[in-house]
Amino acid sequence: MYQLRCIDCGASFQDDNLYNCTECGGLLEILFDVSLADFKLDGSNISVWKYRSLLPVRIKPVTLFEGGTPIYPFKVEGKGRVYIKHEGMNPSGSFKDRGMTVGVTKAVELGKRSVACASTGNTSASMSMYSARAGLNAYVLLPAGKVALGKLAQAVMHGAKVIAIKDNFDVALRLVRELSEKKGMYLLNSVNPFRLEGQKTIAFEIVDQLGFVPDAVFVPVGNAGNISAIYKGFLELKEAGYTDEIPKMIGVQAEGANPIYKAYVEGKEDIEPLKNPETIATAIRIGMPVNAKKALKAIYASKGKVIQVRDDEIVQAQKLLARQGIGVEPASASSLAGLLKDDSEFENSVCIATGNLLKDPEEVVRVIGKPIEVEADIREIEKVL
Ligand SMILES: [Zn+2]
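The rules behind the values
Residues numbered from 1 in each chain as written. Predicted model: local features only at pLDDT ≥ 70, side-chain atom pairs only at ≥ 80, totals over all residues. Helix = DSSP H or I, 4+ residues; strand = E, 2+ residues; numbered from the N terminus. Rg over C-alpha atoms; globule rule 2.2 N^0.38 Å. Contact = placed C-beta atoms within 7 Å. Core = buried A, V, L, I, M, F, W, Y, C linked by C-beta atoms within 7 Å. Buried ≥ 20, exposed ≤ 12 C-beta atoms within 10 Å, placed from the backbone. Domains from an automatic or database assignment. Pairing = 2+ DSSP bridges. Axes fitted to C-alpha atoms, helices over the stretch in contact; angles between N-to-C directions.

Colleague: How would you summarise the overall build of the chain if you had to cite specific residues and measurements?
Modeller: Helix and strand counts for the chain stand at 13 helices and 13 strands. Relative to the globule expectation of 21 Å for 385 residues, the C-alpha radius of gyration of the chain, 20 Å, shows essentially globular dimensions. In terms of principal-axis extent, the alpha carbons of the chain reach across some 70 × 45 × 45 Å. Pairs at least 24 apart in sequence give 70% of the contacts found in the chain among residues at least 6 apart.

Colleague: Talk me through the nonpolar core; I want residue IDs and the actual numbers.
Modeller: One finds Val115, Val219, Ile230 and Ile260 to be the most contacted residues of the largest nonpolar core, which totals 107 residues. Counting the residues that make up this core, at least three belong to each of domain 2 (71–94 + 194–367) and domain 3 (96–191). Judged by nonpolar contacts, the second largest core, of five residues, contains Leu4, Cys21, Leu27 and Leu28.

Colleague: Can you lay out the pairing of strand E5 (residues 81–86) for me, pointing to particular residues and giving the numbers?
Modeller: A large share of E5 lies buried, amounting to five of its six residues. Pairing geometry for E5 and strand E13 (residues 348–353), over six bridges, is parallel. When the bridges of E13 are listed, valine 82 appears paired with serine 349.

Colleague: Residue-level account of the pairing of E13, with values.
Modeller: Counted residue by residue, E13 has five buried out of six residues, so it is predominantly covered. Where strand E10 (residues 216–220) meets E13, three bridges bridge the pair, whose relative direction is parallel. Each residue of the ladder has a partner; that of alanine 216, found in E13, is serine 349.

Colleague: Pulling in residues and values, what's your account of the sheet that holds strand E3 (residues 28–32)?
Modeller: Pairing is antiparallel in the open sheet, where three strands are placed in the order E2-E1-E3. With partners counted over all chains shown, the strands left at the sheet margins are strand E2 (12–13) and E3, one partner each. Here two bridges tie strand E1 (residues 2–6) to E2, and the two strands are oriented antiparallel to one another. If you follow arginine 5 over to E2, its bridge partner there is serine 12.

Colleague: Outline the sheet that holds E10, supporting the account with residue identities and numerical values.
Modeller: Across the sheet, which stays open at both edges, the six strands sit in the order E4-E5-E13-E10-E11-E12 with mixed pairing between neighbours. A strand with exactly one partner marks an edge of an open sheet, and here the two such strands are strand E4 (71–74) and strand E12 (305–309). Mean inter-strand twist for the sheet, computed between neighbouring axes without regard to direction, equals 25°. On top of the sheet, helix H11 (residues 330–341) reaches E5, E10, strand E11 (248–254), E12 and E13; it is set at about 135° to E10, its chief contact.

Colleague: I'd like to hear about the environment of isoleucine 84, residue by residue, with values.
Modeller: Within the secondary structure layout, isoleucine 84 lies in strand E5. For the pair formed by isoleucine 84 and glutamate 380, sequence separation is 296 residues and the distance between their alpha carbons is 40 Å. Setting aside its immediate chain neighbours within four residues, isoleucine 84 contacts Tyr72, Phe74, Leu321, Ile326, Cys351 and Ala353.

What follows is the structure, encoded as structure tokens:
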């Protein structure tokens, strides 16, 4: 039904325990027999597991009913029809749940007792929830002082062992890879090819919900797994004969964490790591994106591009979304910020909003301020209305 294939040397494998190619160390991707796809894109019963025939698991899934997130029309002048796919409406409040339902199911299928990840926050929140559901032990490495409060709260409440290290995400990821190998923990970062399979269902849902393939999809890019996964989803729909088109995949990075933007501008296929990434959008504050090569392939192959946006543009977009009832964390707003900055003319585009507003309450207080305080007196209240 599927096999693992190296994106660099093309070697293929049947061993679900692998994260990397045993020949050359390259990233692995999962290759499906798309003729097995048995779902209808008719807008009904939309959820991750509707598309099970293209998901690489053999047992009953560990699920919290993820996916089926809303897609909202969004009013913006001169940009054609714009839709926001609100991934913050998943069980843990981010798109990571799509990958985690598949990844944690795979951990159970492989007989693992514990799972591990490094995280800027959302991955740890999601992994902690799903491993709790499955009864697995969870271990998380975070960059100390750099994780939004909502995400941290989720990870600790759902029972993960959370360890903050005094360095950045990229270092945390290197350490957790070492640790999981040493201790036999199942690694659930996006280097795990099964997680990306869950995330590709965003593409399936977009077509299922809209009834057509949009011209462009704008995606916030941090570790670069999501844009690669969404592209793969569109590709499989085309291969399976559901659609004829593939949208332009447009990656959006924060200026302070932009290694993929730089590689794109120089026409390169891989990145130069960035030492000290910095942006208000902590979820994409990553200098050494693991899936950079996959992402750049997706961007070039779909004739897309990469845009970089400043932190103030991200906050501006976050406020615009909020004013139309769509509450997101800063990284999520980067996709809309990218669309607003881009000079392409698309008839219709989808911006992926990756995480919920409640993930990062401290950022909101920083950019909006605290509420006005007055005496409990009607005249005092009237004065400040
Ligand atoms: Zn290889």
